[in-house]
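Observations on the model geometry
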Amino acid sequence: MFVAAGLSATVGLTLFALGQNMNMFYTPSQVAMGEVETGRRFRIGGMVKEGSFISESDSLKVRFETTDFVHAVPIEYEGILPDLFREGQGIVAEGSVDSRGVFSASKVLAKHDENYMSQEVKAALDAADAVKSNTSLQNISER
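Predicted model, so just to flag it, every value in this text is computed and none were measured.

Concerning the overall build of the protein chain
- When helices and strands are tallied, the protein chain shows three helices and seven strands.
- Expressed as a percentage of contacts within the protein chain between residues at least 6 apart in sequence, the contacts between residues at least 24 apart total 53%.
- For the protein chain, the computed accessible surface area is about 9,300 Å², with 56% contributed by carbon and sulfur atoms.

Section: the packing of aromatic side chains
- Evaluation of the coordinates by the stated rule reveals four aromatic pairs.
- Measuring from centroid to centroid gives 4.9 Å for F64 and F85, while their planes differ by 65°, and the two rings are edge-to-face. Taken together, the residues F64 in strand β4 (residues 61-67) and F85 in the loop between β5 (72-78) and β6 (90-97) connect sequence positions 21 residues apart.
- Residue class for F64 comes out buried when judged on its relative accessible area of 0%.
- Ring-pair connections join several aromatic residues into one group, and the members of that group are Y26, F42 and F103.

Here's the deal with the environment of V97
- In this structure, V97 sits in strand β6.
- Its relative accessible area of 6% is what places V97 among the buried residues.
- For the pair V97 and I75, spaced 22 residues apart in sequence, the C-alpha to C-alpha distance is 8.7 Å.
- Excluding anything up to four places from it in sequence, V97 contacts V31, V36, E37, T38, G39, R40, F42, V102 and F103.

Calculation criteria
- Numbering of residues starts from 1 in each chain and follows the order in which that chain's sequence is written.
- Totals for whole chains, interfaces and linings use every residue, but because this is a predicted model, local features are given only for residues with pLDDT of at least 70 and side-chain atom pairs only at 80 or more, for both listing and counting.
- Here the side-chain values reflect all heavy atoms present in the structure, with hydrogen atoms and water set aside.
- Secondary structure is summarised from DSSP: a helix means a run of H or I of at least four residues, a strand means a run of E of at least two, and numbering begins at the N terminus for each.
- Contact between two residues is taken to exist if any of their heavy atoms lie within 4.5 Å; hydrogens are not considered.
- Here the open area of atoms and residues is found with the Shrake-Rupley method and a 1.4 Å probe, where only the protein chains shown may cover a residue.
- In summary, the pairing rule links any two rings of Phe, Tyr or Trp, Trp by its six-membered ring, whose centres are within 6.5 Å, and it sorts them by plane angle into stacked for under 30 degrees, edge-to-face for over 60 and tilted for everything else.
- For the exposure calls, accessible area comes from a 1.4 Å probe over protein chains only, and a residue counts as buried if that area is under 20% of its type's maximum, exposed if over 50%, partly exposed in between.

Written as structure tokens, this is what we have:
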């Protein structure tokens, strides 16, 4: 009986620890619509919005927006960005969103060649494009 209780407790604690360390992936639209609780660590992926990149001259702090072409989420990061980071390119960032709706990144990853985009980012952009297309069609049919 003690062995079964000990084994159950061990399995329960292991599953709890794994769940706490899991970084879920969200799109900018999901974050903008409040699907992520403040302070929870997760990954966000999308394209770096053109014209959104701002760099502080006296530090490594940067600010930019990532978008799925439906919504954009501001990201703040302090550190060295990947060499291939630039506006209009796909990124995945890890971190959490604060009460202002700003994503504070602890890590930023950029795509590594012209033909690569992470499957998560591609799926998110495809889904956002489908939503945008459906909304456009609905607006046309309502006229």
